[in-house]
Amino acid sequence: MATILIVEDNEMNRDMLSRRLERKGYAVRLAGDGAQGVELATSHPPDLILLDMSLPVMDGWEAARKLKSNPETARIPIIALTAHVFSQDRERALEAGCDDYDTKPIELPRLLEKIEALISGAGLRP
Amino acid sequence: MPAQNTPYIIALLITSAICAAVVVGAWQRRSSMAALAFSGVMESVFIWSLGYALQLATASVRGQVLWTYAYFIGVVLVAPLWFVFAVQYTGYTRWLTRQNYILLSIVPSITLALIFTNERHHLMWQPFALADTAQLFSVEGERVGWFWVHTAYSYALLLAGTGLLLWAAFGRNQFFRGQMAALLVAVGAPFLANAVYLLGWSPWPIDLTPFAFTITGLALLWGLFRVQLFDVLPAARDAVLESMTDGVIVLDVRNRVIDINRAGEQFIRLTHPRLEKIIGEDVRTVLAAWPDLVEKYLKVSAGQFSVEIPSPRGNMFLEMRLSSLKDRQGRITGRVLVSSDVTASRRAERMQQAKEAAEASSQAKSAFLANMSHELRTPLNHILGFSELLREDALADGNAAQAADLEKITDAGKRLLNLISSVLEISRLDAGMVQLQVERFDPAMLAREAAEAARPGIEGNGNTFEVAISSGIGEMVSDSARLRQCLFNVLENAGKFTRAGAVTLQVERAPGGPQAEPVEALLFTVSDTGKGMTPAQVERLFTPFELGDASYTRSEEGAGLGLATTERLCRLLGGEIRVESEAGRGTTVSMRLPAVVKLAEAAA
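Residues numbered from 1 in each chain as written. Chains lettered and ligands numbered in written order. Predicted model: local features only at pLDDT ≥ 70, side-chain atom pairs only at ≥ 80, totals over all residues.

Notes on the nonpolar core
All names here are of chain B.
And then number 1: Core analysis: the largest hydrophobic core is formed by 56 residues, its most contacted members being V41, M42, V78, W82 and F85.
And then number 2: For this core, the secondary-structure elements that each account for two or more residues are α1 (6-28), α2 (33-57), α3 (61-89), α4 (98-116), α6 (146-171), α7 (177-198) and α8 (209-225).
And then number 3: Ranked by residue count, the leading element in this core is α3, at 16 residues.
And then number 4: Here W82 is in contact with V41, L157, L158 and G161, once residues within four sequence places are set aside.
And then number 5: Judged by nonpolar contacts, the second largest core, of 39 residues, contains I426, L429, F465 and L505. (Core = buried A, V, L, I, M, F, W, Y, C linked by C-beta atoms within 7 Å. Buried ≥ 20, exposed ≤ 12 C-beta atoms within 10 Å, placed from the backbone. Helix = DSSP H or I, 4+ residues; strand = E, 2+ residues; numbered from the N terminus. Contact = placed C-beta atoms within 7 Å.)

Brief notes about the environment of G462 of chain B
All names here are of chain B.
And then number 1: Examined against the element boundaries, G462 turns out to sit in the loop between α15 (443-460) and β9 (464-469).
And then number 2: Judged by the 10 C-beta atoms lying within 10 Å of it, G462 falls in the exposed class.
And then number 3: The sequence separation of G462 and G501 amounts to 39 residues, and the corresponding C-alpha distance is 7.0 Å.
And then number 4: Not counting the four nearest positions on each side in its chain, G462 is found in contact with R499 and A500.

A look at the sheet that holds strand β4 (residues 257-260) of chain B
Residues and elements named next belong to chain B.
And then number 1: Spatially, 5 strands are ordered β4-β3-β7-β6-β5 in an open sheet, and the strand pairing comes out antiparallel. Looking along the sheet, the strands with just one partner apiece sit at the ends: β4 and β5 (303-309). Between one strand axis and the next, the sheet turns through 25° on average, direction left out of account.
And then number 2: With 6 bridges joining them, strand β3 (residues 247-252) and strand β7 (residues 332-341) adopt antiparallel strand pairing. Residue G247 lies in a different strand from β7, and its bridge partner there is S339.
And then number 3: Relative to the sheet, helix α10 (residues 262-271) contacts β3, β4, β5, β6 (316-326) and β7, its axis offset from that of β3 by approximately 85°. (Pairing = 2+ DSSP bridges. Axes fitted to C-alpha atoms, helices over the stretch in contact; angles between N-to-C directions.)

Comments concerning the confidence of the model for chain B
Residue and element names in this part refer to chain B.
And then number 1: Looking at chain B, pLDDT values average 80 and 86% of them are 70 or higher.
And then number 2: Taken element by element, chain B is modelled with least confidence in helix α18 (residues 552-555), mean pLDDT 40, and with most confidence in β9, mean pLDDT 93.
And then number 3: Of the regions scoring below 50 in pLDDT, residues 547-556 engages in 10 contacts with residues more than four places distant in sequence or in other chains.
And then number 4: In the model output, the complex is listed with pTM 0.45 alongside ipTM 0.75. (pLDDT = per-residue confidence, 0-100.)

Here we look at the environment of V597 of chain B
And then number 1: With respect to the element layout, V597 of chain B can be found in the loop between β14 (586-594) and α20 (599-603).
And then number 2: A C-alpha to C-alpha distance of 9.7 Å links V597 of chain B and A521 of chain B, two positions 76 residues apart in sequence.

Considerations on the packing of helix α16 (residues 480-496) of chain B against helix α19 (residues 562-572) of chain B
A pair of packed helices is characterised by two quantities: the angle between their axes and the separation of those axes.
Residue and element names in this part refer to chain B.
And then number 1: Running from amino to carboxyl end, α16 crosses α19 at an angle of 145°, the nearest separation of the two axes being 9 Å. Considering the relative orientation of α16 and α19, their crossing is left-handed. Along the contact surface, α16 presents R482, Q485, C486, N489, V490, E492 and N493, while α19 presents G562, L563, T565, T566, L569, C570 and L572.
And then number 2: Of the residues that constitute the contact of α16 with α19, the class distribution is 6 nonpolar, 6 polar and 2 charged. (Left-handed = near helix turned anticlockwise from the far one by under 90°. Nonpolar A, V, L, I, M, F, W, Y, C, P; charged D, E, K, R; others polar.)

Overview of the packing of α15 of chain B against α16 of chain B
Residues and elements named next belong to chain B.
And then number 1: For the pair α15 and α16, interaxial distance at closest approach is 9 Å and the crossing angle is 30°. As far as their axial angle goes, α16 and α15 are roughly parallel. The chirality of how α15 crosses α16 is right-handed. Contact with α15, carried on its side by L446, A447, E449, A450, A451, A453, A454, G457 and I458, involves S480, L483, R484, L487, F488, L491, E492, A494 and G495 of α16 and no other residues of that element.
And then number 2: Within the contact of α15 with α16, the residues separate by chemical class into 12 nonpolar, 3 polar and 3 charged. (Parallel < 35°, antiparallel > 145°, perpendicular 65-115°, else oblique.)

Some points on the sheet that holds β14 of chain B
Residue and element names in this part refer to chain B.
And then number 1: Taken in spatial order, the 5 strands line up as β9-β11-β12-β14-β13 in an open sheet, and their pairing is mixed. A strand with exactly one partner marks an edge of an open sheet, and here the two such strands are β9 and β13 (576-582). Between one strand and the next, the sheet's axes are offset by a mean angle of 10°, whatever the strand orientation.
And then number 2: Inspection of the sheet shows strand β11 (residues 502-510) paired to strand β12 (residues 521-528) by 8 bridges, in the antiparallel sense. Bridging across to β12, T504 finds its partner in S527.
And then number 3: Packed onto the sheet, α16 meets β11, β12 and β14 and runs at close to 20° relative to β12.
And then number 4: Where α19 meets the sheet, its contacts fall on β13 and β14, and the angle it forms with β13 comes to roughly 140°.

Some words on the interface of chain A and chain B
Interface size is commonly expressed as the accessible area that is lost once the parts come together.
And then number 1: Contacts between chain A and chain B engage 12 residues on the former and 13 residues on the latter.
And then number 2: The class makeup of the residues in the side of chain A that touches chain B is 6 nonpolar, 2 polar and 4 charged.

With respect to the pairing of β3 of chain B
For a regular strand, the rule is simple: side chains alternate between the two faces of the sheet.
All names here are of chain B.
And then number 1: For β3, a buried count of 5 out of 6 residues is recorded, marking the element as mostly surrounded by other parts of the structure.
And then number 2: Bridge count for β3 against β4 is 3 bridges, and the pairing is antiparallel. Across the sheet, I249 pairs through a bridge with I260, a residue of β4.
And then number 3: Between β3 and the antiparallel strand that follows it, β4, lie 4 residues; N255 among them carries a positive phi value of about 65°.

As for α3 of chain B
Because an α-helix packs 3.6 residues into every turn, residues spaced three or four apart end up facing the same way.
All names here are of chain B.
And then number 1: For α3, with 29 residues, the first-to-last C-alpha span of 42 Å sits near the 42 Å given by 1.5 Å per residue.
And then number 2: The principal kink in α3, of about 35°, is found at V78, preceding the proline P80 by one to four residues.
And then number 3: For α3, a buried count of 22 out of 29 residues is recorded, marking the element as mostly surrounded by other parts of the structure.
And then number 4: Where α3 ends, the next residue or the one after it, G91, has phi of about 90°, a positive value. (Expected span 1.5 Å × (residues − 1). Bend = angle between axes of the 7 residues up to and from the residue.)

Section: the environment of V78 of chain B
Residues and elements named next belong to chain B.
And then number 1: Take V78: it is sitting in helix α3.
And then number 2: Overall, the presence of 26 C-beta atoms within 10 Å leaves V78 in the buried class.
And then number 3: Along the chain, V78 and S154 lie 76 residues apart, while their C-alpha atoms are 7.9 Å from each other.
And then number 4: Beyond its immediate sequence surroundings of up to four residues, V78 is in contact with V41, S44, V45 and W48.

Now the structure itself:
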């Protein structure tokens, strides 16, 4: 079973997304800010990270850079999530090392496609 | 040289020297017309007094007679030249036509001719005889006939010229009282002396007129060098003052109005329509509309302030400058108040301020909407996410009815989300927060993609959909995502308002641009055979939240943001959008967009 780390500060979003992903058969771990997310990803490396960009303590871009510069976590695929629909956010996320990008509100089928593509690319299946 | 003549000769030589000095002074100022005529007057007096001196200095009778003839050239010319000077000085130069000059010179010409032929006809003087007294050695001839014509003519011209100067002195302003006094003393003295001599009332045996011209010369020297007679001519100054759009009010030391120009009078009349006379009135009476200002500035020598005059056609704004007039010793002799009408610039300023305030408020509103839209999305995402979650639960439990209801919540939520996204976008466009992503792309391919995206909506309403793209339309350098959005919006709109009709998309390359400059452009035209719009509806089309008809909102979806957004996007892309429509017949929307977006336009 693939494990997904959700880094998201909004509790309701976190709850909603984790429950929907669990239903689809993923194991889910949760972090409430960027620093916690990096810590958890390092101590218990997941198969994929859903990373919100606007986060307290350490924002998504910095967290992504940290994770991608650490050889232990560099191979974990990251999907950046943001409420902003502006393309410069997408570019900034990709520059910070994120592998893909999705906008909120989450459309589950679309997000699942991206998750599956990245996990299968890494050689894992749920 | 007859010894008894010596004092008179010396006096006459002093007179001629003074005249010569005045001639030189006037000649140096000859750039002004009146100065030239004036120098002519003084030259004549110079000839007169010098000739008279030489006559008296000559011991022979024959010599004295000849000198008398000579100096009469000066006597004859004085009056006409004086008249010309007066006319020029008072500003009536248009009288001085060639014809009038000729008329003026008829009598003097005859006089001169008769003088030099006097010995043949004695029409001027009877034969000269020597009057050798203890007081004077001088020839005398009885004055007859034409001499009196000449005298009358000279007096007439002298009087006319003097009258003109007097009239100017009292009829006009009082700036030039010094000059006028100098001129009147200058002309009055010879008059008096000549009359005294001709009437035989003189206590001395000789003609006093040239001596009186000593006074003339001195008075005019003072006029030239102290009052600067010719530096600024009163006529010119008057003309300038009168034609000025600024109001000028001159006050004396006791705060009475001693002069006012036309513009000044006009603005006083605005507040004081019934004021009978202004000249001579106290400033407190004339400016009664602003007692506070008058009180404040009554004893101030200089200042600047503005006043507002209420008027039915909108208030008038005047800017007033107060400065003091000083004489050569630096004593304050009065004050001058200059008022400029700044209504036009003040109004423009206020309009500009109002416009800036409106723009700022519009931008603040747009920024607020942009932020608000973002804040609205977060809770909406929760509603959508949890209703989706519940629907999945319901489906898992086999509760189809509940699942259907939950799907309705999801659908409504999605529509609300789309609406919020549109509001967000148009707000950002209006707030100038959108930047173009310019790249090179193939517009034909882009048009086909947009057409395929819109096809289900168009054909879903039972319409045919035709796409006609001209070959060789080339490449475009623009923002492809924005262009795709524009095309999709227009196509979606056409499909929405057309049922069982036809929709066509045409793409071609068009020379020339929306402005006069030759910009290569692409023309995207979407025509439909739908319900169309009235001209009034077309007019409101680009205003956000206005659908062609408010009643459509029930039958057709949409918040009326599509075309408003598209219009703003087209402008952002440096182009324009045009809508032609006829109610019941259909609509044609054409977008003309430059093939290459200019960076300045992209940044705007």
